[in-house]
Each structure stands twice: as C-alpha cells, then as structure tokens.
Amino acid sequence: MYSMTGYGRADYSENGINLVVELKTVNNRNFDLNTKIPRAFISLEDAIRKTVQEYVRRGRIDLFVTFSDTRENSSNIEINFDKAFGYYNASKVLAEKFNLENDFSVAMLMKSPDVIVDGMAPDLTEIKQIISDVVKNACLKLNEMRKVEGEKLVNDMLNRMETIRNLAKSIENRAPLVATEHKVKLQARIEEALKDIKYDEARLLNEVAFYTDKVNIDEELTRLKSHIEQFIEIIKLDGMGKKLDFLMQEFNRETNTICSKSNDIEVTRLALELKNEIEKVREQVQNLE
C-alpha cells in the first residue's frame, strides 16, 4: 500500500545534456498531474503523463523538468526585431507622454519578453529516451518514499482497528444488560407508584420486550465486525485507498446508528470512543493511494 504523499528526484548529466526531473505528490481523489516543463518538451507531455500513470494511480502530482544543453552548436540565439522595435517605441511614447527621461537600455531590451529567442530547439529524437528514463527513475524514487510512508500508515491503522474491535466487543458485552437494567428500574418505579396494588405483570413484560427491540444493536455490531475483517483484508492490497474510504463511511454509519439507539450511558460512551477512532482511521485512509 502506497501513501499519496511523497517526493522523488532523478537527474542525467552526460555529453553536455543536463536534465533534472522532480516529482511531488499529495493526496487527491483522482489522478491530477500538473507539469512544469520547458516549452520545447510540450510534444512529449502526453508520453510523460502516461509514464507517470504507470507508477502513480491517484493523487495530485507536480512534475518539474529542468533542462540545459551545453553542447557545441546546441543553440542559436536569434533576435525578434519586431518585438524589440515595439518595446523601444513604447518607451519613447511613455517618456514623451509623462515628460520623463527615456532611460530604456539595451540590457532592459534584452530582458524584455520574446526579444531574445533560442532559434534551435533541442533535438527531441535524440533526447526523448533520456527524458523517459529520467522520469521513470524519478517515479521509482517517489514510490520508494511513498511505500515507506504507506507502510507506516498501514501499521498505525491496523493497531487502531484492534482498538475498534475491542470497543465493539465491550459494547456487545454491555448491550444485553441494558434491557435487564431497564426492566428492574421500570418494575421498581411501578411498585413504588402502586405501593401494595397488584399490577399486570404481562404488560410489564410487553413493555420490556418493546424496549429491548427498540434498543437492539445486534445487527449493527454484526456488520461492524464484518467491516473490521474486510478492512484487514483490503489493506493488504495495493491501490485500494478509495475502497477503504467507502468502507470507512460504512463504519461511521453503523456507529451512528448505535449511538442513536443507545439509551445507556456506558454504551454511548463506548460508541463515542469508537467514532473517535474511526475518524482517525478515516483521515489516514484519505492519504492512501
């Protein structure tokens, strides 16, 4: 099981080609890749996306590519004179309009957008495989970190699942006593109110039976125990974060029903502890791929 949070970096530096690929991931319900790559690599963006999808199923992924080519004749600087004249003329108009000294310089002109352009784009056929390999290596480094984080999350959640199991067992042990205590209290109140007057014991038993059915939580506890076993099995598999998220919703549903049916302080206390542990697991599940 992988965490959705991680970082991976890989680089290549040979024969004047320098390439760095960095990946940063955080949790997200779907696969959401945000690439920041040189404009010359735009045609490779789809291939890069497919490569990342081989290693990451879901999450928000920020991918950064830094590239430089220091080979001889690797670049041919060109000047966009139309842009240059446009900036220069604009500087004269502004100076005249506001009665200011025109301090527009060559250095400022060279820094203006799109004035200086690289007339020779890198030969993608030559470096396409290099980019692919570096992206793969970055993904492998990313998954190494995500695997370690995922294992920590899994171990913590399994420990919490045992706590949830024990709380459910405590509720199960307490539940049968609720109806018995209600019968004793109800009988005591009737005898105190009627004193020596004889009452219909059958009606008392009917009232107790109705109350017992009303507060019965056997079905909820049975489903809760089933959810625990499913969780333990599913968490052994990779890529099941979404399924576990849906399962935690069922945990919450059963616990909420137990709380609503409960008419006992001890059961309510245990159920609230149960909700607290379930919420902690649910938050961690949302970080799993």
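For the structure, check the block above.
Residues numbered from 1 in each chain as written. Predicted model: local features only at pLDDT ≥ 70, side-chain atom pairs only at ≥ 80, totals over all residues. Heavy atoms only, no water.

Mind laying out the sheet that holds strand E1 (residues 6-14), listing which residues take part and the relevant values?
If you walk across this open sheet you meet the four strands as E1-E2-E4-E3, and the pairing is mixed. Each end of this open sheet is capped by a strand with a single partner; those strands are E1 and strand E3 (31-36). In this sheet, neighbouring strand axes are inclined to one another by 15 degrees on average, regardless of whether the strands run parallel or antiparallel. Running at roughly 135 degrees to E3, helix H1 (residues 45-53) makes contact with E3 and strand E4 (59-69) of the sheet. (Pairing = 2+ DSSP bridges. Helix = DSSP H or I, 4+ residues; strand = E, 2+ residues; numbered from the N terminus. Axes fitted to C-alpha atoms, helices over the stretch in contact; angles between N-to-C directions. Contact = heavy atoms within 4.5 Å.)

With reference to specific residues and values, describe unusual backbone geometry.
Of note, the phi angle at Asn15 is positive, near 55 degrees, even though the residue is not glycine. With respect to the secondary-structure elements, Asn15 resides in the loop between E1 and strand E2 (17-26). Although it is not a glycine, Asn99 sits at a positive phi angle of roughly 55 degrees. Looking at the secondary structure, you find Asn99 in the loop between helix H2 (81-97) and helix H3 (106-111).

Before we move on, could you go through the packing of aromatic side chains and cite the residues and values that matter?
Considering all chains together, one arrives at two aromatic pairs under this definition. Their ring planes at 85 degrees and their centres at 6.4 Å tell us that Phe231 and Phe251 sit as a pair that is edge-to-face. Of this pair, Phe231 sits in helix H6 (residues 218-234) while Phe251 sits in helix H7 (residues 241-261), placing them 20 residues apart in sequence. This pair shows no difference in class: Phe231 is buried, exactly as Phe251 is. (Phe/Tyr/Trp six-rings, centres within 6.5 Å; stacked < 30°, edge-to-face > 60°. Buried < 20%, exposed > 50% of the residue type's maximum accessible area, 1.4 Å probe, protein only.)

Residues and numbers for H1, please.
Three or more residues of H1 are buried, namely Ile48, Thr51 and Val52. Projected onto a plane normal to the axis of H1, the buried residues spread over an arc of 95 degrees and lie on a single side. (Arc of directions from axis to C-beta.)

Tell me about the pattern of salt bridges, and name the residues and values.
Enumeration according to the criterion identifies 24 salt bridges in this entry. Ionic pairing is found between Arg9 and Asp11, a salt bridge with its closest N-O pair at 3.9 Å. Between Glu266 and Arg269 there is a salt bridge, with the nearest N and O atoms lying 2.6 Å from each other. Here Glu266 and its partner Arg269 are both found in helix H8 (residues 265-285), three residues apart, which amounts to about one turn of the helix. Because the salt bridges share partners, they merge into one network encompassing Asp156, Arg160, Glu277 and Lys280. (Salt bridge = Lys/Arg side-chain N within 4 Å of Asp/Glu carboxyl O.)

Can you tell me about the environment of Met4, naming the residues and giving the values?
Here Met4 is to be found in the segment before E1. Between the C-alpha atom of Met4 and that of Glu289, which follows or precedes it by 285 residues, the distance is 5.3 Å. Apart from the residues lying within four places of it in its own chain, the contact partners of Met4 are Thr25, Val26, Asn27, Asn28, Arg58, Gly59, Arg146, Gln286, Asn287, Leu288 and Glu289.

Could you give an account of the environment of Leu272, with specific residues and numbers?
Structurally, Leu272 is set in helix H8. As a C-alpha pair, Leu272 and Thr255 span 17 residues in sequence and 8.3 Å in three-dimensional space.

Give me the lowdown on the side chain of Glu277, citing residues and values where you can.
Here Glu277 is to be found in helix H8. Within polar-contact distance, the side chain of Glu277 engages the side chain of Arg160 at 3.2 Å. Residues in contact with Glu277, not counting those within four places in the same chain, are Arg160, Thr163, Ile164 and Leu167. (Polar contact = N/O pair within 3.5 Å; in protein donor to acceptor, adjacent residues only side chain to side chain.)

How would you sum up the nonpolar core? Please name residues and give values.
Formed by 30 residues in total, the largest nonpolar core has its most connected members in Phe231, Leu244 and Phe251. Among the secondary structure elements, those contributing two or more residues to this core are helix H4 (124-194), H6, H7 and H8. In this structure Phe231 touches Met157, Met161, Leu244, Leu247, Met248, Phe251, Val281 and Val285, once residues within four positions along its chain are discounted. Listed in part, the 25 residues of the second largest apolar core include Leu19, Leu23, Val52 and Val56. (Core = buried A, V, L, I, M, F, W, Y, C linked by side-chain atoms within 4.5 Å.)

Tell me about the environment of Asn252, and name the residues and values.
Position of Asn252 relative to the elements: it lies in helix H7. A C-alpha to C-alpha distance of 9.9 Å links Asn252 and Asn276, two positions 24 residues apart in sequence. The residues contacting Asn252, other than those within four sequence positions of it, are Lys275, Ile278, Glu279 and Arg282.

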